[in-house]
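Spelled out from the first residue to the last, the chains are:
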Amino acid sequence: MQIHLTEKHGFSINFSMQPTSFIICHDCDLIQKKPDTSAVGTLRCVQCDAVLQKTGKGNTDTTLALVIAGIILFILINSFPFLTFRMSGQLQETTLITGIEMFFIQGWWPIGLLVFLATILSPAFHLLGLLYILLLLKFGLKMPGVPRIMRIITAFQPWSMVEIFMLGILVTVVKLSNDGEITAGVSLFALMAFTFVQAAIFYTFNPHQIWEKCEVDEELKLDQENCDMNLIQCHICGLLCPDENKTDKFYCKRCGAKLHKRKQDSISRTWALILTAVIFYIPANVFPITNIISFGDYTTDTILSGVIYFIKTGMWPLALIIFTASIFVPLLKLIILSFLLISVQLKTTWRQKDRTRIYRITEAIGRWSMVDIFAITVLIALVNMGAIATVRVEPAALYFAAVVVITIFAAMAFDPRLIWDTEKNSHD
């Protein structure tokens with residue numbers, strides 16, 4: 001169920017109400033009154049249609065069961081090989097950590113750290129953090145350290161990319177299918193199941209339900225002197241805090257996150273990241289990304305040559321996926337973010353809702369560009385057979401990984417509320 005808030009900024013605020021009666025949209029800065037509903041669904045901003053909060057109590061028992069299942073599957077994923085490759089009588093098995101180790105062995109440790117973060121560290125933090133919180137909630141125990149753990153979970157969640165890693169495996173399997181025999185292992189099936197379990201965890205878990213049970217250090221009071229002009233909602237826990245000091249340097253009383261009315265230096269930081277990504281984008285697509293050494297012959301591949309390979313072999317759906325994720329999406333993100341920055345600097349009010357939606361899409365799709373890096377991770381782990389066949393990582397892989405990470409940070413640095421700052425509302 002999707003619940004659209006129906007009251008815009010400008011309604012009469014009853015200051016005797018609790019701060020939790022209101023909510024501020026982080027995309028357009030509109031303050032709104034929350035409806036009194038126990039229905040399970042999502043609250044959406046009436047102005048920009050952003051998802052504000054899940055509603056309803058949810059089923060923490062279901063989420064706990066899914067988390068336990070996810071931990072069991074995660075242990076299986078990291079304990080057994082997920083693919084076996086046989087070529088010219090030689091056998092090579094790979095586990096989740098094998099490709100990461102190969103990055104370090106070949107001297108590309110920054111890429112290895114990135115893959116480790118996306119496939120092992122972030123999912124592990126997410127599962128263990130949720131297990132701790134939900135067990136405390138299940139048995140009605142005190143919740144020490146929960147705000148800090150929730151902040152860690154929130155920070156690491158965008159970097160958990162197991163489902164994208166599955167797509168990288170598919171690309172690699174198709175690419176090697178004509179060169180040898182590939183056998184799926186126990187971990188591959190566990191990995192497939194884990195992607196669905198993880199999606200179910202995200203769907204059933206209601207973070208607001210946890211935050212409501214966390215105690216606030218001191219009572220919050222709203223009065224006429226710190227009205228909505230100086231209210232700031234924590235971007236981590238959603239607590240509505242009055243800016244009593246009227247500064248940008250204070251912290252949430254519930255979770256300790258640093259609060260800010262606007263992301264600091266959003267325009268300049270986003271421009272700097274965009275320009276940096278553009279610089280790296282060129283060598284990422286021009287230079288070789290891998291080098292295959294087989295029986296003394298050297299074959300170099302670029303991102304584009306990989307797309308051409310899949311087209312020639314009739315696998316045009318995979319060619320489209322690689323082209324979209326590795327070439328089109330990073331370029332599109334750079335263009336869209338540049339467009340949004342220019343529109344903000346021109347102070348235009350043109351189609352603000354549509355521009356905000358475009359930003360949200362841009363922020364969501366950027367992580368899928370990691371599919372090429374994950375395909376290389378599997379490739380260097382499987383094709384490591386000495387003189388028979390070995391895959392070496394080339395500089396374009398590092399440039400491309402940098403483009404993906406920098407564009408993700410660029411999207412994070414951009415403040416969509418700037419799009420609405422030119423709107424003359426009653427809170428201006």
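Owing to the predicted nature of the structure, the values given are computational and were not obtained by experimental measurement.

Engineer: What is the right way to read the overall build of the protein chain from this model?
Structural biologist: When you go through the protein chain residue by residue, the secondary structure sums to 14 helices and 15 strands. For the protein chain, buried positions account for 50% of its 428 residues. Put simply, of all contacts in the protein chain between residues at least 6 apart along the chain, 69% involve residues at least 24 apart.

Engineer: How should the packing of helix H1 (residues 60-77) against helix H3 (residues 109-138) be read in this particular structure?
Structural biologist: For any two helices packed against each other, one specifies the crossing angle of their axes together with the interaxial distance. Packing of H1 against H3 leaves a shortest axis separation of 9 Å and a crossing angle of 140 degrees. Considering the relative orientation of H1 and H3, their crossing is left-handed. Residues Thr60, Asp61, Thr63, Leu64, Val67, Ile68, Gly70, Ile71 and Phe74 of H1 pack against Thr119, Ile120, Pro123, Ala124, Leu127, Leu128, Leu130, Leu131, Leu134, Leu135, Leu137 and Lys138 of H3. In terms of residue class, the contact of H1 with H3 is built from 15 nonpolar, 4 polar and 2 charged.

Engineer: I would appreciate a short explanation of the packing of aromatic side chains in the present structure.
Structural biologist: Two measures describe an aromatic ring pair: the distance that separates the ring centres and the angle between the ring planes. Counting across every chain of the model gives 10 aromatic pairs. Consider the rings of Phe74 and Phe194, whose centres lie 5.8 Å apart with planes at 40 degrees: the pair is tilted. With Phe74 in helix H1 and Phe194 in helix H6 (residues 186-204), this residue pair connects regions lying 120 residues apart in the sequence. Note on accessibility: Phe74 and Phe194 belong to one class, buried. For the pair Phe125 and Phe156, a centre-to-centre distance of 4.9 Å together with 80 degrees between the ring planes defines the contact as edge-to-face. Here the residue Phe125 occupies a position in helix H3, and Phe156 occupies one in helix H4 (residues 146-156), the gap between them amounting to 31 residues. Judged by relative accessible area, Phe156 falls into the partly exposed class, the value being 21%. Put simply, the rings of Phe82, Phe165 and Phe374 touch in pairs and so form one group of aromatic residues.

Engineer: Explain unusual backbone geometry to me, please; I cannot follow it from the model alone.
Structural biologist: Trans is the common state for peptide bonds, and a negative phi is the common state for residues other than glycine. Positive phi is not limited to glycine here, since Asp265 has a value of about 50 degrees. Note on placement: Asp265 falls in the loop between strand E12 (258-259) and helix H8 (266-286). Located in the positive-phi region is Lys347, a residue other than glycine, with phi close to 60 degrees. When you line up the elements, Lys347 lands in the loop between helix H10 (316-345) and helix H11 (352-365).

Engineer: What should I look at first to understand the confidence of the model for the protein chain in this one?
Structural biologist: Caution applies to low-pLDDT parts of the model: their predicted coordinates are not meant to be read in detail. Confidence in the prediction of the protein chain, expressed as mean pLDDT, is 81, and 84% of residues score 70 or more. Within the protein chain, the lowest mean pLDDT, 40, falls on strand E1 (residues 2-4), and the highest, 94, falls on H8. Of the regions scoring below 50 in pLDDT, residues 1-19 engages in 54 contacts with residues more than four places distant in sequence or in other chains. Throughout residues 217-228 the model reports pLDDT below 50, and contacts reaching past four residues in sequence, or to other chains, amount to 25 contacts.

Rules used in this analysis
- Residues numbered from 1 in each chain as written.
- Predicted model: local features only at pLDDT ≥ 70, side-chain atom pairs only at ≥ 80, totals over all residues.
- Heavy atoms only, no water.
- Helix = DSSP H or I, 4+ residues; strand = E, 2+ residues; numbered from the N terminus.
- Buried < 20%, exposed > 50% of the residue type's maximum accessible area, 1.4 Å probe, protein only.
- Contact = heavy atoms within 4.5 Å.
- Axes fitted to C-alpha atoms, helices over the stretch in contact; angles between N-to-C directions.
- Left-handed = near helix turned anticlockwise from the far one by under 90°.
- Nonpolar A, V, L, I, M, F, W, Y, C, P; charged D, E, K, R; others polar.
- Phe/Tyr/Trp six-rings, centres within 6.5 Å; stacked < 30°, edge-to-face > 60°.
- pLDDT = per-residue confidence, 0-100.

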